[in-house]
Amino acid sequence: MAEPFVLRSLMEADLAAVAAIEEASDLPSRSLEARRTELDDERTRAVVLEVGSEVVGVGSLWLAPDDAHITSLAVAEEPRRRGHGRRLVTALVALAGSLGAEAVTLEVRASNGAARALYAGCGFEEVGERRRYYADGEDAVIMTLALGVGG
């Protein structure tokens, strides 16, 4: 039986849990102040996934006039491989479409086969690469999903 979960908008009270999830996922660190600023930025949206009363995942978008860019996606280590990543991607894509995006784009580490498979399973296609994109020099694969006009 699937675990009951809730997807909702990120709130300030979630920031410490989100920081811990992102740190454990080796995402670039951001200060709590930077995260607070994003809460008030009309170009960004973030969602969290809760199981019980615990935040177990987070995903965020940056919005441009006609497309959206997934800027981060992370699931806490213990509850991985239970469909939470797919739920977050699906929520972000739906949100982007509801806001008028015609496409959703992201970068993923070339070596991250699990994430690449997740995104491909959600309909994203590999369309290019960014050489030495990450601070450690690793390349990124660019992936995109066309939504069509109005999602």
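Per chain, residue numbering runs from 1 following the sequence as it is written. Only residues with pLDDT of at least 70 are given local features in this predicted model, and only at 80 or more are side-chain atom pairs given and counted; all residues enter the totals for whole chains, interfaces and linings. The side-chain values count all of the structure's non-hydrogen atoms but skip hydrogen atoms and water molecules.

## Observations regarding the pairing of strand β3 (residues 54–63)
Argument step 1. The cut-offs for exposure are 20% and 50% of the maximum accessible area for each residue type, with area from a 1.4 Å probe on protein chains only; residues under the lower value are buried, those over the upper are exposed, and the others partly exposed. Only DSSP runs of H or I with at least four residues qualify as helices, and only runs of E with at least two residues qualify as strands; both kinds are numbered from the N terminus onward. By the criterion of burial, β3 is predominantly enclosed, with eight of the ten residues buried.
Argument step 2. In this description, strands pair whenever DSSP reports at least two bridges between them. Summarising the sheet, strand β2 (residues 44–51) and β3 pair through eight bridges and their orientation is antiparallel. Note that in β3 the partner of A46 across the bridge is S60.
Argument step 3. Counting the residues that bridge the hairpin from β2 to β3 gives two residues, and of these G52 lies at a positive phi of roughly 65°.
Argument step 4. Bridge analysis of β3 against strand β4 (residues 67–75) gives seven bridges, and the strand direction is antiparallel. Among the inter-strand pairings, G57 is bridged to a residue of β4, identified as V75.
Argument step 5. Here β3 folds back onto β4, and the loop between the two strands holds three residues.

## Details of the pairing of strand β5 (residues 103–109)
Argument step 1. Most of β5 is tucked away, with six of its seven residues classed as buried.
Argument step 2. As paired elements, β4 and β5 share three bridges and run parallel to each other. Its bridge partner being in β5, D67 is matched across the sheet by A103.
Argument step 3. Looking at chain direction, β5 and strand β7 (residues 140–146) are connected through seven bridges and run antiparallel. Its bridge partner lying in β7, R109 is registered against A140.

## Comments concerning the packing of aromatic side chains
Argument step 1. Two aromatic rings from Phe, Tyr or Trp, using only the six-membered ring of Trp, form a pair when their centres are within 6.5 Å; if the ring planes differ by under 30 degrees the pair is stacked, by over 60 it is edge-to-face, and anything between is tilted. A full pass over the atoms with the stated rule returns two aromatic pairs.
Argument step 2. Put simply, a charge is over a ring when the Lys NZ or the Arg CZ is close to the ring centre, within 6 Å, and near the line of the ring normal, within 35 degrees. Geometry around Y134 places R109 over its ring, the cationic atom sitting 4.2 Å from the centre.

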